[in-house]
Structure formats: C-alpha cells, structure tokens
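Tertiary structure, described
Chain by chain, the residues run as shown.
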Amino acid sequence: MARAVQPPRAFQRMLSGRRLDLLDPSPLDIEIEDIAHGLARVARWNGQTSGAHSYSVAQHSLFVEHLVRIIDPGAPARWMMIALLHDAPEYVIGDMISPFKAVIGDQYRAVEDRLLAAIHLRFALPASVPAPLRKIVKEADRMAAYAEAIHLAGFSIAEAGQFFGKPRFPLRRVEAFVEPLEPMHAQAQFLERFRSIEDALGGAAA
C-alpha cells in the first residue's frame, strides 16, 4: 500500500516554543521577543556591508521608525509601532533583496502580506496599513536605504540617488543608525523601542 504523501512542512519553530505556520499564520503564535531575536540576526544587503557585524533588519527598522517621526512629527504612537514593525515578517522569511523579489514575483509578497497582517493583529494594529501611513513608511524606508547604501554598502552618492531617490531633506545625525551592532545589542534596542511605544499606546500591544 502506497504511503500517503505528507504536505511539506510550512511552519517555523521559534525559541519561545511557538510554531508559526508561514502559509496560515496565527497572531497567537507571534511573540515580540521572537521578532526582535530574528530581526537582529537577519542581515540587510545580503551581508554585503562594512563593519565588524552585519547590519541587521532590527537596526534598519529602528532607523525607519526614527525617520517617520522626522517626516511626520505629530504622528500617533500607533503609526510609530507600524513603522517599527514594517519589516517584521523577515524574522521568519529573511530579508530578500529587491532585485530577487522582482524575479520571484507575487508569491513572496503574498506570504509577506499574510505574515504582516497576523503581526499587526497580534499587537492590536490594523491588519491593513492606512494609505497615508503606507506612503510615509515607504518614503522613510527609501531614505534609510539611501543612507545605508552610502555609509555601509559602498554606493556612491550618485548611485544611491539613482536607485533609492535623493531624500527631500538632508539626513543629519544618522551615524548612530548606520553603525552595525552586535546582534544582542540590536535586539535589546529594538525591544526597548517597542516597549516605549507600547507604553505610549497604554499597553494596547501587550
């Protein structure tokens, strides 16, 4: 008798003990400690950056959230949380560079979108990001990529402007955000900022 074919494993086991189904993620299987741990160990730019350590997605997330506050100083705490978590799905699917995302197409985006929706629901955020905020986060993301490209990835100013667009205002005092950190340090900074925004939300994300 032929053995039944088992479907491929589609879950990731976390250090917290949670098992997150990548195809049908449940908010109940998402913990901020797992997100922080993973993002602090996922390298931006495929690791092709200068410094003693990889430049992590956790650091990039902190940078983007910082830039959102600069673009919109009056943005509510809920927007800050969405900005901080904008790349959170990468704690399980990694940071795929944009050229390769273009090759793969819509399947990667579909998995990423389902994960992000589950993460938002876990922390009492809207599953779908409001259009005005999506635009601001996208601008901040490109600004961060522009600075990272120049400071970390060996791009010239002209190349960074060509691929990511020149920021509409000067990026000052960003050195602390583009200094690669040891993973445990990046993880701690990410968690500290999350808790700070959580407090501003009145514990809604707890």
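Source: prediction; values computed, not measured. (Residues numbered from 1 in each chain as written. Predicted model: local features only at pLDDT ≥ 70, side-chain atom pairs only at ≥ 80, totals over all residues. Heavy atoms only, no water.)

**Some remarks on the overall build of the protein**
Counting secondary structure elements, the protein contains nine helices and two strands. For the protein, with 206 residues in total, the buried portion stands at 44%. Residue pairs at least 24 apart in sequence account for 67% of intrachain contacts in the protein once pairs closer than 6 positions are excluded. Carbon together with sulfur atoms contributes 55% to the accessible area of the protein, which is approximately 11100 Å² in total. (Helix = DSSP H or I, 4+ residues; strand = E, 2+ residues; numbered from the N terminus. Buried < 20%, exposed > 50% of the residue type's maximum accessible area, 1.4 Å probe, protein only. Contact = heavy atoms within 4.5 Å. Areas by Shrake-Rupley, 256 points an atom, 1.4 Å probe, with all protein chains shown as cover.)

**Looking at the pattern of salt bridges**
Tallied over the entire structure, the rule returns nine salt bridges. For the salt bridge of Glu-33 with Arg-195, the shortest nitrogen-to-oxygen distance reads 2.7 Å. With a gap of 162 residues between them, Glu-33 in helix α1 (residues 32–39) and Arg-195 in helix α9 (residues 183–200) connect regions that are remote in the sequence. With a relative accessible area of 38%, Glu-33 lands in the partly exposed category. Ionic pairing is found between Arg-195 and Glu-198, a salt bridge with its closest N-O pair at 3.4 Å. Pair noted here: Arg-195 and Glu-198 are both in helix α9, with a separation of three residues, about one helical turn. By relative accessible area, Arg-195 is classed as partly exposed at 31%. (Salt bridge = Lys/Arg side-chain N within 4 Å of Asp/Glu carboxyl O.)

**Examining unusual backbone geometry**
Unlike most non-glycine residues, Trp-45 shows phi in positive territory, near 60°. Despite not being glycine, Asn-46 has its phi angle at roughly 55°, a positive value. Residue position: Asn-46 is located in the loop between α1 and α2 (57–71).

**A few points about the nonpolar core**
Counting residues in hydrophobic clusters, the biggest one holds 53 residues, and the most contacted among them are Ile-35, Leu-85, Tyr-91, Phe-123 and Phe-190. Going through the elements one at a time, α1, α2, α3 (77–84), α4 (90–93), α6 (106–122), α7 (131–151) and α9 are the ones with two or more residues in this core. Examining the composition of this core, we find that eight residues originate from one element, α2, more than from any other. The contacts of Phe-190, once residues within four sequence positions are left out, are Ile-32, Ile-35, Ala-36, Leu-39, Ala-58, Ser-61, Leu-62, Leu-84 and Leu-85. Within the second largest apolar cluster, six residues are counted, among which are Trp-45, Tyr-146, Ala-160 and Phe-164. (Core = buried A, V, L, I, M, F, W, Y, C linked by side-chain atoms within 4.5 Å.)

**Points about the environment of Leu-125**
Note that Leu-125 resides in the loop between α6 and α7. Take Leu-125: its relative accessible area is 4%, and that puts it in the buried class. In this structure, the C-alpha to C-alpha distance between Leu-125 and Arg-78, residues 47 residues apart in sequence, is 7.2 Å. When residues no more than four places from it in sequence are discounted, the contact partners of Leu-125 are Arg-78, Met-81, Ile-82, Leu-85 and His-120.

**Structural notes on the environment of Ala-145**
Looking at the element boundaries, Ala-145 is found in helix α7. In this structure Ala-145 touches Arg-44, Trp-45 and Phe-164, once residues within four positions along its chain are discounted.

**Observations regarding the packing of α3 against α9**
For any two helices packed against each other, one specifies the crossing angle of their axes together with the interaxial distance. Taken N-terminus to C-terminus, the directions of α3 and α9 make an angle of 155°; their axes are 9 Å apart at the nearest point. Here α3 lies roughly antiparallel to α9, going by the angle between them. Relative to α9, α3 is oriented so that their crossing is left-handed. Residues Ala-77, Met-80, Met-81 and Leu-84 of α3 form the contact with α9, whose own contacting residues are Phe-190, Arg-193, Phe-194, Ile-197, Glu-198 and Ala-200. When its residues are assigned to classes, the contact of α3 with α9 shows eight nonpolar, no polar and two charged. (Axes fitted to C-alpha atoms, helices over the stretch in contact; angles between N-to-C directions. Parallel < 35°, antiparallel > 145°, perpendicular 65-115°, else oblique. Left-handed = near helix turned anticlockwise from the far one by under 90°. Nonpolar A, V, L, I, M, F, W, Y, C, P; charged D, E, K, R; others polar.)

Just distances and angles here, no functional claims.
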